[in-house]
Amino acid sequence: MVPALAGAPDDELPIRHVTNGVHVASWLSPHNAALYDRYLGPRWREHPSFSGVLSHIAQIPDEELWRAHEMGRSRLIRTARELMEKQQRARNATRTEIALAKSVLDHDALTIGLARRFATYKRATLLLRDQARLEALLTNEDRPIQIIFAGKAHPEDHHGKELIRQIVHFSRKANVRRHVIFLENYDMYIARRLVQGVDVWLNTPRRPQEASGTSGMKVAVNGGMNVSILDGWWCEGFSPECGWAIGHGEEYDDPEYHDTVESQALYNLLENEIVPCFFDRQFGDLPTNWIRMMKASIRMAFGYFTSHRMVTEYQGMYYGPRRTSTTP
């Protein structure tokens, strides 16, 4: 029993929760860190949810925030190419295949990241259910998108390994092989590059099985957007100003129907909202509406999903002195 509740009657021992948070400095790109030092003031590192810090996020110049994000995306693409070349060499690939690995991905395409433990309930292949529709998005010359998959399955999880096989098989199709990759041996190094460089983080668990999740929080502190099922932390973090929700939190008895409905909802979001917002450049070369959402995403993450807030809640709710009422 925690000290704060020692000796309390059973009916005064509530079951409560503390939502996860992330250590911002551990996951922030160096380009964003320099930008925040310049515009958010000295308190942002120790007190990211301080009102004075949050109010200054809107004052970051759009162009500087966008250029910092583009540098993060370029670094991610450079890392992905290096890792893909390494993967191909390990397989004794042909010179043509190695050359292709060195040129995968596009520095200007909308970049979607999906990385996780390949448990079946996380549905990493939800995006592949209508491959013709996905291929049309990937190969659009005017508004291209690209996807970086990464992650691992438990050695005994054969269903999880089958999901990886399906992704790799799809990524080898001739018309999409420059637009979809799978990075092996997922680790902290790859994770940092991903959360610091993607434009969109995709999360597709089958509700209500997601506990919390933190990868999307790491993306948000870097100005990336989340597109997720309303499960885990996204139930608390989502608002239309800072990301997108797949569905409305529904739950279905039939898993096949469940997957069909939410995969179609995801394609609709990509086609009708996400891709147009990213490529809308009415005022020069900046996606003004997208950058506005980036700032809202940073503000949301700094305000509610940092380890500073998490530890403060643990201390105040469970580890601080227990308040007792006194009867006069």
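Computed from a predicted model, the values in this text were never measured in an experiment.

1. Quick word on helix H11 (residues 255-279)
With 25 residues, H11 should reach 36 Å at 1.5 Å per residue; the first-to-last C-alpha distance of 34 Å fits that figure. At Leu-270, H11 shows its largest bend, some 45°.

2. Brief notes about the environment of Arg-192
Secondary-structure assignment places Arg-192 in helix H8 (residues 188-197). Along the chain, Arg-192 and Trp-27 lie 165 residues apart, while their C-alpha atoms are 6.1 Å from each other. Leaving out residues up to four positions away in the same chain, Arg-192 has contacts with Ser-26 and Trp-27.

3. A word on the nonpolar core
Tyr-36, Leu-110, Val-227, Ile-274, Trp-290 and Phe-302 are the most contacted members of the largest nonpolar core, which has 70 residues in total. Not counting chain neighbours up to four residues away, the residues in contact with Leu-110 comprise Pro-144, Ile-145, Gln-146, Asp-199, Val-200, Ile-274, Val-275, Phe-278, Phe-279 and Trp-290. Core analysis: the second largest hydrophobic core is formed by 21 residues, Ala-80, Met-84, Ala-115 and Ile-148 among them.

4. A few points about the sheet that holds strand S4 (residues 200-203)
Ordered in space as S3-S2-S1-S4-S5-S6, the six strands form an open sheet in which the pairing is parallel. Every other strand in the sheet has two partners, leaving strand S3 (180-183) and strand S6 (243-246) as the edge strands with one partner each. Mean inter-strand twist for the sheet, computed between neighbouring axes without regard to direction, equals 20°. Across four bridges, the pairing between strand S2 (residues 145-152) and S3 is parallel. Note on S3: the bridge partner recorded for Phe-149 is Phe-182. Against the sheet, helix H4 (residues 62-90) contacts strand S1 (110-117), S2 and S3, and its axis sits at roughly 70° relative to S3. Across the sheet, helix H7 (residues 158-171) lies against S2 and S3, angled at about 140° from S3, the strand it touches most.

5. With respect to the pairing of S3
With burial as the criterion, each face of S3 is covered, one bearing Val-180 and Phe-182 and the other bearing Ile-181 and Leu-183. One crossover worth recording links S2 to the parallel S3 by way of H7, and it is right-handed.

6. Topic: the side chain of Asn-222
Structurally, Asn-222 can be placed in the loop between helix H9 (215-221) and strand S5 (225-229). You can call Asn-222 buried: its relative accessible area is 1%. A distance of 2.8 Å separates the side chain of Asn-222 from the backbone nitrogen of Ser-29, its partner in a polar contact. Of the polar contacts made by the side chain of Asn-222, one reaches the backbone oxygen of Lys-218; its length is 2.9 Å. Contact partners of Asn-222, with chain neighbours within four places excluded, come to Trp-27, Leu-28, Ser-29, Asn-32, Tyr-36, His-69, Val-195 and Gln-196.

7. Observations concerning helix H6 (residues 131-138)
For H6, every residue scored as buried is listed here: Arg-133, Leu-134, Glu-135, Leu-137 and Leu-138. As for H6, its buried residues are in contact with S2, H7, S3 and H11.

8. A look at the packing of H4 against H8
Relative orientation of the contacting elements H4 and H8 amounts to 145°, with a least axis distance of 8 Å. For the crossing formed where H4 meets H8, the hand is left-handed. Packed against H4, whose contacting residues are His-69, Gly-72, Arg-73, Arg-75, Leu-76, Thr-79 and Leu-83, the element H8 presents Tyr-189, Ile-190, Arg-193, Leu-194, Gln-196 and Gly-197 at the interface. Residues that form the contact of H4 with H8 fall into these classes: five nonpolar, five polar and three charged.

9. A short note on the packing of aromatic side chains
Evaluation of the coordinates by the stated rule reveals 14 aromatic pairs. Judged by centre distance (6.1 Å) and plane angle (15°), the rings of Trp-44 and Phe-302 are stacked. One end of the pair, Trp-44, is in the loop between helix H2 (30-39) and helix H3 (51-57); the other, Phe-302, is in helix H12 (residues 288-304), and 258 residues separate them in sequence. Comparing Trp-44 with Phe-302 shows no difference in burial state: the two are buried. When the centroid spacing of 4.9 Å and the interplanar angle of 80° are considered together, the rings of Phe-278 and Phe-279 count as edge-to-face.

10. Side note on unusual backbone geometry
The step from Arg-207 to Pro-208 runs through a cis peptide bond, and the omega angle for that step is 5°. Among the secondary structure elements, Pro-208 is positioned in the loop between S4 and H9. If you check the backbone angles, Leu-105 has positive phi at about 70° while not being a glycine. In this fold, Leu-105 is placed in the loop between helix H5 (95-101) and S1. On the accessibility criterion, Leu-105 (6% relative accessible area) is buried. Backbone geometry at Asn-185 places phi at a positive 55°, although glycine is not the residue there. Mapping Asn-185 onto the fold places it in the loop between S3 and H8.

11. Some details on empty space enclosed by the protein
Under the criterion given, the structure shown has one cavity of 30 Å³ or more. Put simply, the largest cavity is a space of about 30 Å³. Surrounding the largest cavity, Ile-112, Leu-127, Val-200, Leu-202, Val-227, Leu-266 and Leu-270 form its lining. At the level of secondary structure, the elements contributing two or more residues to the lining of the largest cavity comprise S4 and H11. Split into classes, the residues belonging to the lining of the largest cavity amount to seven nonpolar, no polar and no charged.

The rules behind the values
- Residues numbered from 1 in each chain as written.
- Predicted model: local features only at pLDDT ≥ 70, side-chain atom pairs only at ≥ 80, totals over all residues.
- Heavy atoms only, no water.
- Helix = DSSP H or I, 4+ residues; strand = E, 2+ residues; numbered from the N terminus.
- Expected span 1.5 Å × (residues − 1).
- Bend = angle between axes of the 7 residues up to and from the residue.
- Contact = heavy atoms within 4.5 Å.
- Core = buried A, V, L, I, M, F, W, Y, C linked by side-chain atoms within 4.5 Å.
- Buried < 20%, exposed > 50% of the residue type's maximum accessible area, 1.4 Å probe, protein only.
- Pairing = 2+ DSSP bridges.
- Axes fitted to C-alpha atoms, helices over the stretch in contact; angles between N-to-C directions.
- Right-handed = clockwise from strand over helix to strand, strands pointing away.
- Polar contact = N/O pair within 3.5 Å; in protein donor to acceptor, adjacent residues only side chain to side chain.
- Left-handed = near helix turned anticlockwise from the far one by under 90°.
- Nonpolar A, V, L, I, M, F, W, Y, C, P; charged D, E, K, R; others polar.
- Phe/Tyr/Trp six-rings, centres within 6.5 Å; stacked < 30°, edge-to-face > 60°.
- 1 Å grid on protein atoms, 1.4 Å probe; cavity = no way out; pocket = protein on both sides within 12 Å on 5 of 7 lines; lining within 4 Å.
- Points joined across faces, edges and corners; volume = space filled by probe spheres on them.

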